[in-house]
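# Topology and contacts: notes
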Amino acid sequence: MNAWTDTLTPPVTQEPADPAATGVCSLDIGIGGMTCASCVTRVEKALNRLPGVSEASVNLATESARVTVQGLSSTEAMARLSRAVRDAGYEPRRPQAMDDAPPTGWLGLPQDAWPVLLGALLSLPLVLPMVGDLAGRHWMLPAWAQFALATPVQFWLGARFYRAGWHALKAGTGNMELLVAIGTTAGWALSTWLWWRAGPGEMVHLYYEGSAVVITLVLLGKWLEARARRQTTEAIRALHALRPEVAHLMPDGVKREALTDVPVDELLPGDVIRVLPGERFAADGTVVSGQTQADESMLTGEAMPVAKAPGDAVTGGSLNGDGAVEVRVKAVGAQSVLSRIIGLVQDAQAGKAPVQRLVDRVAAVFVPVVVVLALITLGGWLWTGAAVEEALLHAVAVLVIACPCALGLATPAAIMAGTGVAARHGILIKDVQALEVAHRVNTVAFDKTGTLTQGRPKLQLIEARAGVDELSVLRVAACLQEQSAHPLAQAVVRASQEQGLTWQTGDAEAVQSVTGRGSQGRVQGTELALGSLRWMEELQVDLGPLAEVATKAQADGHSVSVLASRSVAGWSVLAVLAFGDEPKPGSAPALAELRRRGMRLFMVSGDNQGAAEAMARRLGLQPEAGEVLAEVLPGDKAAIVQRLREAPGGGKPHVVAMVGDGVNDAPALAAADVGMAMGHSEGASSDVAMHAAGITLMRGDPLLVAAALDISRRTVGKIRQNLFWAFAYNVAGIPLAALGYLSPVVAGAAMALSSVSVLANALLLKRWKPPQDPTQG
């Protein structure tokens, strides 16, 4: 079974049944009605003021908040959070509400599209006279007709702006709705005032069309924005769609005499289900009968189907091939691999990048500054002798065009699109900060065994000392190593089984693992040690004639272990064992691709220098350039990472990514600037590595390292582009509006376009594909 299928950690979304006062939990809550970065700031302040809340992070793109609470039960905490959101002027929702398509309304149109359509229908007659002027036809609707058309748009369709703006004022802050409400109300009030003071039969120029069109354009922008947001969560919805609704539960001969279709939610560990050709596996489990192939591409990004036979593991959500199989359920619900993958992606999308916190601080003062600029614009035009209506229109344009919406969406939209497309290709980004740092990586260190190599070494040679039977040595070595998960230990056990050797589990006693060295214990009363040459030197084991065998094996690139026995006279050698491993097919192309990008490359190994250098040359690394770090104990890997970070002469430190797969890699993964844990086909201990890493590679393909760095670079590039255009739009738009070059209608269109363009730019990440192995054609 793939290691990651056992180890991905699900998000904690609620407390245990007993809400201890010291219990800490994370809760997700959906928030409806947020429109800009100022809304984010206000909701965060409201949530952080609650007793028991230690941290609250609000995401505008997902319209949700992740809140860490302690000392409260999940039920009470959710009630308090919902109340705080509602009191702040927003609508508490379930977290996945924004993923749902809007309900269908009259004539089959989505309900959220009707306000836009009605606004357009009411505003169109107000705009037609302007079009007529361009064609040389001068005509205008009566004032009462303009009033009748504009007023419903202003106070019915635009009611949302008044509600949200009022809540913002009560909270002592501002938001986009407040700007729109002030600006359009000023235009509507000015028109009403001019109509009221006009004499009988007098035709006065009114500005109802400006306010109505601005509101309609803002509604249109928000509708397009909502559609684009739903596209950014497409990856999550696609993962949810992998879950089948029904499972075929096999009869148990007691309560069920026939095959029974049951909802997937009713499955329990230990149940046996039948999966027919073309169906999706309903749960994680193990094949007990039948043979087939499974398409796991939506989970791992691996396009080729994987053969499955009795004893093989299957993952819920993967697609069954052309064979019917029976599967014993192992994990369901939140403990399933699919649920954990979804949780990891949601965690990354709910996180807030450091740059976004700076943007939020800017947005907190943005609205008050804009209001001041609008007042300055009004006063400046009046001071120059302009008419009141002209000065007011320019001030309204400033209010309308200056919208912090794009600022609030720039970062989270790119993060959602980037993490979503990465997940589809087998790259799980658990930590937003890792995503932001990865694009600066210039040094990559790889663990050797299981990361660059297959991780399934074979026993190539066993040479016993004179008078010692090699098969007897192999049997006692396997007995000593039976309980170890180390790849070399498993190779010994496999070789012994291939020779038909047997032993009793109780033959080995007091077996203990000596970290970075080997195993020690008693087999049938004889104390044995099996481990590295370094350990044998520490034990003062004299290899005698076998020393030449060990030296030659090392020169041939083999990993060498020694089996020694202890007597009254001390330790003495029994045999030398040599192991060989093969590089993964994608390792050399992956290293070549990283080198092409200018990366410093290193291979870290516990093997002897000769074996490590021989493997490095096969991979295209350069031992003579110091790219091989051999004979490194597990506890020293973190120090190696720190050493790689240091720049000569006290210069700017290098940014280091560490790639590993085993439990002994966890300290180094945590110490690195970016830790990448690689899933593989063997080794159940890699769960610790995956917990320590910020990025999880769902399959053991080293090319995914380059892909992870590439998607990070592209995502950060989109964040920078979005922030540049969001700031540039306001920097350029506000002066143009203040100087009279933009009417309120044009300003409203530009404001709507800014948010939509930011989302559209982020959605371009969905077209990203990881770099391919050039040897695969």
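Up top is the structure.
Residues numbered from 1 in each chain as written. Predicted model: local features only at pLDDT ≥ 70, side-chain atom pairs only at ≥ 80, totals over all residues. Heavy atoms only, no water.

## Considering the packing of aromatic side chains
Just so we agree on the cut-off: Aromatic pairs are defined between Phe, Tyr and Trp rings, using the six-membered ring for Trp, whenever the two ring centres lie within 6.5 Å; interplanar angles under 30 degrees are classed as stacked, those over 60 as edge-to-face, and all others as tilted. Helix and strand assignments come from DSSP, with helices taken as H or I runs of at least 4 residues and strands as E runs of at least 2, each series counted from the N terminus. Three exposure classes are used, based on accessible area relative to the maximum for each residue type with a 1.4 Å probe and protein chains only: buried under 20%, partly exposed in between, and exposed over 50%.
All chains considered together, the criterion is met by seven aromatic pairs. A centroid spacing of 6.2 Å and a plane angle of 75° characterise the contact between F147 and Y208, whose relative ring orientation is edge-to-face. Of this pair, F147 sits in helix α5 (residues 143–157) while Y208 sits in helix α8 (residues 208–232), and the two are 61 residues apart along the sequence. We classify Y208 as buried; its relative accessible area is 0%. Ring centres of F155 and W188 lie 4.9 Å apart, and the angle between their planes is 90°; this geometry places the pair in the edge-to-face category. Taken together, the residues F155 in helix α5 and W188 in helix α7 (residues 176–197) connect sequence positions 33 residues apart. Classification of F155 as partly exposed rests on a relative accessible area of 38%. What makes W188 buried here is its relative accessible area of 16%. Linked through ring pairs, F147, F155, Y162, W188, W195 and Y208 together constitute an aromatic cluster.

## Thoughts on the packing of helix α21 (residues 587–596) against helix α26 (residues 703–738)
Selection rule: Here an angle of 0 to 180 degrees is reported between the N-to-C directions of two axes, which are lines fitted to C-alpha atoms, with helices fitted over the stretch in contact. Working rule for contacts: check all heavy atoms of both residues, and any pair within 4.5 Å makes them a contact. Lys, Arg, Asp and Glu make up the charged group, whereas Ala, Val, Leu, Ile, Met, Phe, Trp, Tyr, Cys and Pro make up the nonpolar group; the residues left over, Gly among them, are polar.
Relative to each other, α21 and α26 sit at 30°, their axes nearing to 7 Å. Residue-level contacts link P589, A590, E593 and L594 of α21 to L703, V705, A706 and L709 of α26. Tallied by class, residues from the contact of α21 with α26 come to seven nonpolar, no polar and one charged.

## Looking at the sheet that holds strand β14 (residues 427–429)
We count it as follows: The criterion for strand pairing is that DSSP finds at least two bridges linking the strands in question.
If you walk across this open sheet you meet the seven strands as β14-β26-β25-β24-β15-β22-β23, and the pairing is mixed. One side of each edge strand has no neighbouring strand; the edge strands of this open sheet are β14 and β23 (628–629). As defined by bridge partners, strand β25 (residues 674–678) adjoins strand β26 (residues 695–697) across three bridges and the pair is classed as parallel. Across the sheet, A677 pairs through a bridge with T696, a residue of β26.

## Topic: helix α22 (residues 609–619)
To keep it simple, the criterion reads: The arc in question is traced by the directions running from the helix axis to the C-beta atoms.
Looking only at α22, the buried set comprises A611, A612, M615, A616 and L619. Across the axial projection of α22, the buried residues extend over an arc of 130°, all falling on one side. Phi turns positive, to about 95°, at G620, one or two residues after α22.

## Looking at the pattern of salt bridges
The line we're drawing: Within this document, salt bridges are pairs made up of a side-chain nitrogen of Lys or Arg and a carboxyl oxygen of Asp or Glu, the two lying within 4 Å of each other.
All told, the structure shown has 16 salt bridges when counted by the stated rule. A salt bridge links E631 to R534, with the nearest nitrogen and oxygen atoms 3.7 Å apart. Here E631 is found in the loop between β23 and α23 (637–645), whereas its partner R534 is found in helix α19 (residues 533–538), with 97 residues between them in sequence. Accessibility expressed as a relative area gives 36% for E631, which makes it partly exposed. For R534, a relative accessible area of 30% corresponds to the partly exposed category. In this structure, D710 and R714 form a salt bridge, with 2.9 Å as the shortest nitrogen-oxygen distance.

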